Amino acid sequence: MADFSWVIEHFDQIVMDSQDNLEVFGVIDTLTEVLKRSKAETMMGLMMDIKDATNLLIEEHNTNSVHSGSQLFRQYATRAWLDLEQNFQLLKSELIRTGEQFRINALASKQKIAHISSRFLRDGMKILTYGSSVEVIAIIEAALEQGKRLSVYVTETESSSPVYKFLMERNIPVTLMPISAAAYVMKDVDLVLVGAEVVVENGGIINTIGTYQIAIIAKAIGIPFYVASQSFKFTRIYPLNQKEIPDNIFEEHTPIPELKAIIDENPENAKMLYPTLDFTPPNYITLLFTEIGVLTPSAVSDELLKQYRAFNELAIN
Amino acid sequence: MRKEAFNKQLLNLEPYEGGLEMFSHLPQFKVPVSYTGAMRADRSVHPAVVRLGIKYAKKKILGSNARGIAMLTAFKIVFKEFETTEEIAIAFDKEIETVVQFLEDCRPISFGMDNIKSSLKSEIANIRSMDLEGAKEYLINYIDSTIQKIEQADALITQYGAEKIYDGDVILTYACSYVVEQIIVGANADGKKFRVVIVDSGPKYEGKTLLKKLLPLGIECSYVFIGAISYILPEVTKVLIGANTVASNGAVVSRSGSAIVAMMAHARHTPVMVACETYKFHERVHLDSICYNEVEEPNTSQDNDKPIPSNKNLKCLSLAYDVIPGDYVSVVVTEVGLIPPTSVPVFVLRDLENN
């Protein structure tokens, strides 16, 4: 196996440097570097190098973003191999070029999303947002540049701080509320706008814990629930319930002092459930804002099938 | 339309008299008489096809996968012994039509079989310039590879379906489906710890067949009749059923009774998985269970030997299939992976492009 001792450090550096701290940039950049340094002479050898490096990354950072990023890279490589009629040298240079372009394209696609979907934000609207998403920030920024006046409801959770900071800096009227007040405010809000960690095959999303709750409340009250996400977050996983979220991290949580005192008296009895991710099924999502367009959840699978060209390989006819 | 179909028929069979007016547009169950004796004088059908047709009519071969593969195998025999003086393409085309029409007369063919017939006919274009022996070899090779693809598809579906069964799951299934049985057996072989609930209903009680296959493998099974489904559903984590076809609007055509199972599961937010090979996907749009269906012989229970006494005030109805709206289906398990029912038209369009 070739020398991959530099892989983890390289990944961490890229993620830190990248404006949005996105792990997927780390993955694509690192794998592109793997290609550049690879001494393989055949497609098989190249894919082996990519696989080995990916395994190292996953061992260290076992998250959905790393999985989907590496899967995206491998699939693109396989597709390019078919497209370039199996010319190795051409393939290698094409993949390196695309890998380097990826971050530039990602920034461009973020702007595209903002441009397309800022139309859904009209002057005077009240928005509820949850978690922190660079795409959501970009959309609100674009709407502001168009001269629209918006007010935003933000929940008091750790994950919301980047969004809260952004809104305060822009002097946008922002209301802070606990997530338990989501149903209370829902009727006053015009739309809900969130990002996604990952978009799954049926158009549902995996996102910060609490997203599903807000989606259910929005549907019950008749408020549109929009998800902003770049298309590289589409993955071919298909959770059927909350337990099927891959690699959900359960936090070691310290309860509030009032409860902690009671727990300390009887620690064996105290079970704690603090998941960090939940899964929102597609029927709660109104539309997805992506750089390939504004999609309904059912369009996600169409796009994935197109990308993976699965049906060409396994067609019966 | 029924008159046209009647004129195309190769067999003169007595239609069932006790049927309902409301369903008279559907293919009716036919009273079995001698199959060769009832044949029209101007056509002849290969004995292998006659044997197969009788098996279909007597419900000896059940399940659209089994029927599809049996039809392909019969086609191989027919083509091997095929002799003609006519132009190759026309002769083969006519032969395919004759075979399928005979099988249709014995029992309406499934959508998967219809797709197989279309793809076989589209291969005729490739044999135009060949001689008889070359054409035979080409078509037989094509059939062999089609059968192989179906078997490979089933193996992949088994794998993807088994991956979706987790330790602690309680899987509910209805009647008896070949791919569902394979998925359950596969998950069990993978060492997963789960329970199976088999929901069954009269008059056919097909669930008993599945039960007999699963119990010897040590799989923990429960068996309930469909009337008790609301009783058992709180224990169930996932529903897994097979399909005759999935239509372009995502509607699943499956054994009569499946729709009830799916609707009840949906009302409880229990995921419904449908296992179906992509070759069975069809371009039709199914909005209800009435426009397309099959009227079967009423009271075909294996246990009950007493026929329903005839009475002019009594009409009996036994429909073969029903339709599950796409909204109630969480995922379709296919050989290309897990897809939402809304993505079925992708495959239908691809086939239309290819053909």
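Keep in mind it's a predicted model, so treat the numbers as computed, not measured. (Residues numbered from 1 in each chain as written. Chains lettered and ligands numbered in written order. Predicted model: local features only at pLDDT ≥ 70, side-chain atom pairs only at ≥ 80, totals over all residues. Heavy atoms only, no water.)

Q: Would you mind going over the confidence of the model for chain A with me for this structure?
A: As a general rule, the predicted coordinates of low-pLDDT regions are not to be interpreted in detail. For chain A, per-residue confidence averages 87 on the pLDDT scale, and 95% of positions sit at 70 or higher. The low-confidence segment residues 310-317 of chain A (pLDDT under 50) makes 23 contacts with residues lying over four places distant or belonging to another chain. (pLDDT = per-residue confidence, 0-100. Contact = heavy atoms within 4.5 Å.)

Q: Can you walk me through the sheet that holds strand 10 (residues 321-324) of chain B in this structure?
A: What links the strands of a sheet is backbone hydrogen bonding, and the strands pair in either a parallel or an antiparallel sense. Residue and element names in this part refer to chain B. Strand order in this open sheet of three strands is 7-8-10, and the pairing throughout is antiparallel. Either end of the sheet is taken by a strand with one partner, and the two such strands are strand 7 (245-246) and strand 10. With two bridges joining them, strand 7 and strand 8 (residues 252-255) adopt antiparallel strand pairing. Bridge assignment links threonine 245 to a residue of strand 8, and that residue is valine 253. (Pairing = 2+ DSSP bridges. Helix = DSSP H or I, 4+ residues; strand = E, 2+ residues; numbered from the N terminus.)

Q: Before we go on, may I ask you to explain the sheet that holds strand 11 (residues 331-334) of chain B in this structure?
A: Residue and element names in this part refer to chain B. Read from one edge of the open sheet, seven strands run 5-4-3-6-9-11-12, paired in mixed fashion. Every other strand in the sheet has two partners, leaving strand 5 (220-225) and strand 12 (337-339) as the edge strands with one partner each. Adjacent strand axes in the sheet meet at a mean angle of 25° when their direction is disregarded. Bridge count for strand 11 against strand 12 is three bridges, and the pairing is antiparallel. Residue threonine 334 lies in a different strand from strand 12, and its bridge partner there is glycine 337. Contacting strand 3 (170-174), strand 4 (195-200), strand 6 (238-242) and strand 9 (272-275), helix 7 (residues 178-189) runs over the sheet at an angle of about 135° to strand 6. (Axes fitted to C-alpha atoms, helices over the stretch in contact; angles between N-to-C directions.)

Q: How should the side chain of aspartate 278 of chain A be read in this particular structure?
A: All names here are of chain A. Its place among the elements puts aspartate 278 in strand 8 (residues 277-280). No salt bridge is formed by the buried aspartate 278; its nearest oppositely charged neighbour, lysine 243, is found at 14 Å. Within polar-contact distance, the side chain of aspartate 278 engages the backbone nitrogen of threonine 211 at 3.3 Å. Here tyrosine 212 takes part through its backbone nitrogen, which lies 3.2 Å from a polar atom of the side chain of aspartate 278. Those residues in contact with aspartate 278, other than ones at most four positions away along the chain, are Ile205, Ile206, Asn207, Thr208, Ile209, Gly210, Thr211, Tyr212, Gln242 and Ile245. (Buried < 20%, exposed > 50% of the residue type's maximum accessible area, 1.4 Å probe, protein only. Lys, Arg positive; Asp, Glu negative; His and termini not counted. Salt bridge = Lys/Arg side-chain N within 4 Å of Asp/Glu carboxyl O. Polar contact = N/O pair within 3.5 Å; in protein donor to acceptor, adjacent residues only side chain to side chain.)

Q: What am I meant to see in the environment of proline 271 of chain B here?
A: Along the chain, proline 271 of chain B turns up in the loop between helix 10 (258-267) and strand 9. Residues proline 271 of chain B and glycine 227 of chain B lie 44 residues apart in sequence; the distance between their C-alpha atoms is 20 Å. Not counting chain neighbours up to four residues away, the residues in contact with proline 271 of chain B comprise Leu240 of chain A together with Thr237, Lys238, Val239 and Ser330 of chain B.

Q: How should helix 2 (residues 47-57) of chain B be read in this particular structure?
A: Owing to its 3.6 residues per turn, the α-helix aligns residues three or four sequence positions apart on the same side. Residues and elements named next belong to chain B. Those residues of helix 2 that sit buried are Ala48, Val49, Val50, Leu52, Gly53 and Tyr56. Residues of helix 2 that are buried make contact with helix 3 (64-80), helix 4 (88-106) and helix 5 (111-127). Of the residues trailing helix 2, lysine 59 is marked for its positive phi of about 60°.

Q: Mind showing me how you'd approach the interface of chain B and chain A here?
A: Many descriptions give the size of an interface as the accessible area lost when the pieces come together. Taken residue by residue, the interface counts 27 residues in chain B and 19 residues in chain A. Both sides of the chain B and chain A interface together cover about 2,100 Å² of buried area, and 61% of this is carbon and sulfur. Per-residue buried area on chain B facing chain A is highest for Lys149, Val336 and Arg350 of chain B; these three make up 22% of the total on that side. At the junction of chain B with chain A, the criterion picks out two salt bridges. With its nearest N and O atoms 2.7 Å apart, the salt bridge here joins glutamate 244 of chain A to lysine 164 of chain B. (Buried area = accessible area lost by both parts, 1.4 Å probe.)

Q: Can you walk me through the packing of helix 6 (residues 132-163) of chain B against helix 7 of chain B in this structure?
A: Two packed helices can be described by the angle between their axes and the distance between those axes. Residue and element names in this part refer to chain B. Across the interface, helix 6 lies against helix 7 with an axial gap of 8 Å and an inter-helix angle of 55°. With respect to their mutual orientation, helix 6 and helix 7 come out oblique. Read as a crossing pair, helix 6 and helix 7 show a hand that is right-handed. On helix 7, the residues that touch Asp154, Ile157, Thr158, Gly161 and Ala162 of helix 6 are Tyr178, Val179, Gln182, Ile183, Gly186 and Ala187. (Parallel < 35°, antiparallel > 145°, perpendicular 65-115°, else oblique. Left-handed = near helix turned anticlockwise from the far one by under 90°.)

Q: Would you explain the packing of aromatic side chains in this entry?
A: Both the distance between ring centres and the angle between the ring planes are used here to describe each pair of aromatic rings. Scanning the entire structure with this criterion turns up eleven aromatic pairs over all chains. Taking the centre distance of 4.8 Å and the plane angle of 40° together, the rings of phenylalanine 120 of chain A and phenylalanine 289 of chain A count as tilted. Taken together, the residues phenylalanine 120 of chain A in the loop between helix 5 (88-117) and strand 1 (126-130) and phenylalanine 289 of chain A in strand 9 (residues 287-290) connect sequence positions 169 residues apart. What makes phenylalanine 289 of chain A buried here is its relative accessible area of 1%. Chaining the aromatic ring pairs together yields one cluster made of Phe75, Phe79, Phe82 and Phe92 of chain B. Positioned over the ring face of tyrosine 56 of chain B is arginine 67 of chain B, at 5.5 Å from the centre of the ring. We note lysine 208 of chain B situated over the ring of tyrosine 205 of chain B; from NZ or CZ to the ring centre the distance is 5.1 Å. (Phe/Tyr/Trp six-rings, centres within 6.5 Å; stacked < 30°, edge-to-face > 60°. Lys NZ or Arg CZ within 6 Å of the ring centre and 35° of its normal.)

Q: Can you walk me through the pairing of strand 9 of chain B in this structure?
A: The side chains of a regular strand alternate between the sheet's two faces. All names here are of chain B. Alternating positions in strand 9 separate into two faces, Val272 and Val274 on one and Met273 and Ala275 on the other, with burial throughout. In the sheet, strand 6 pairs with strand 9 via four bridges, with the strands oriented parallel. Bridging from a neighbouring strand, isoleucine 241 pairs with valine 274 of strand 9. In this sheet, strand 11 lies alongside strand 9 in parallel orientation, the contact comprising three bridges. From the neighbouring strand, methionine 273 faces strand 11, where its bridge partner is valine 331.

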